[in-house]
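# Residue-level structural notes
These are the residues of each chain, in order.
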Amino acid sequence: MRYVLIILLTIIGHTVKAQSFSEILNKVMENYNAVEAYSVDATYTMYVDNVSMQEKDKQTSKLIKQGDNYYFKMANSEIIMTKSFYLKISHSERMLLYSKVDVIDNSVFESQIPFLQILDKFENKEVKDKGSYWECSISKSNELKLPYDKIIFQVSKKNHHIKKQIYYFNTSVEKKFIPNSSNTKKERLEIVINGLDKKPIIDENLFNLNKYLDINDTSITSSEYTKNYKILVQ
């Protein structure tokens, strides 16, 4: 079972003022937003519990940004988002979800950095100086629906890129999706950024809707790329 795909990522340091947490995160966002195009490769590893190095699942991902267009791929799934359309393709299920969009947002980018969507739900925010990088952590939340006890992420001092993210789950992910499982261990998810290319070579058709669908005034059908896929339109 691909737990990573379902969940849609020690040195004693010196603790600094809480405001520095916001300053560091703002620098991270400014750094990514300032780049017109980039490509990010990452590895998602789910471990059997919060401390073990025994791997339970492992997936790689690719995120591409070109202007206001975003592309995200993990395993057999792809997401393409532009100013005019949103596509989610599941090659394993041979299914495609298509919808028009009016407003562009950073949801695909945030899928690469999940904690951005829930940052304000945590009370404790801490920063430690680890020499070449900042170790930022968030913990203690009263939100019962949140799946994490604690999240740690490392930010390079050199370029303010996020190097690594660690998510500590507060319940067993396996038991959540397989209720009759006897496993009660709380897993840990680590997302490691393998590389960031600020001058990527991008397929000229990557954000072209015609690559994925044939659309005319009366019908929407699959293209050669998605031949015989089931199409869902929102």
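Residues numbered from 1 in each chain as written. Predicted model: local features only at pLDDT ≥ 70, side-chain atom pairs only at ≥ 80, totals over all residues. Heavy atoms only, no water.

Another aspect to go through is the side chain of Asp-49. Its location among the elements puts Asp-49 in the loop between strand S2 (37–47) and strand S3 (55–66). Within the local environment of Asp-49, its side chain forms a polar contact with the backbone nitrogen of Ser-52, the two atoms lying 2.6 Å apart. Asp-49 has contacts with Lys-185, Lys-186, Glu-187 and Arg-188, leaving out every residue within four places of it along the chain. (Helix = DSSP H or I, 4+ residues; strand = E, 2+ residues; numbered from the N terminus. Polar contact = N/O pair within 3.5 Å; in protein donor to acceptor, adjacent residues only side chain to side chain. Contact = heavy atoms within 4.5 Å.)

We now examine the environment of Asp-68. Locating Asp-68 in the fold gives a position in the loop between S3 and strand S4 (69–74). Asp-68 sits 13 residues away from Met-81 along the chain, and the two C-alpha atoms are 8.4 Å apart. Among the polar contacts made by the side chain of Asp-68, one reaches the side chain of Lys-83 at a distance of 3.3 Å.

With 39 residues, the main nonpolar core has Phe-21, Phe-115 and Ile-151 as its most contacted residues. Every element with two or more residues in this core is listed here: helix H2 (19–33), S2, S4, strand S5 (77–81), strand S9 (133–139), strand S10 (148–156), strand S11 (162–169) and strand S12 (188–197). If one sorts the elements of this core by residue count, H2 sits on top with 6 residues. Those residues in contact with Phe-21 that sit more than four places away from it in its chain are Leu-119, Lys-125, Glu-126, Val-127, Cys-136, Ser-137, Ile-138 and Phe-153. One finds Phe-85, Leu-87, Phe-207 and Tyr-212 within the second-largest nonpolar core, a separate group that totals 16 residues. (Core = buried A, V, L, I, M, F, W, Y, C linked by side-chain atoms within 4.5 Å. Buried < 20%, exposed > 50% of the residue type's maximum accessible area, 1.4 Å probe, protein only.)

Shape is all these values report; function is a separate question.
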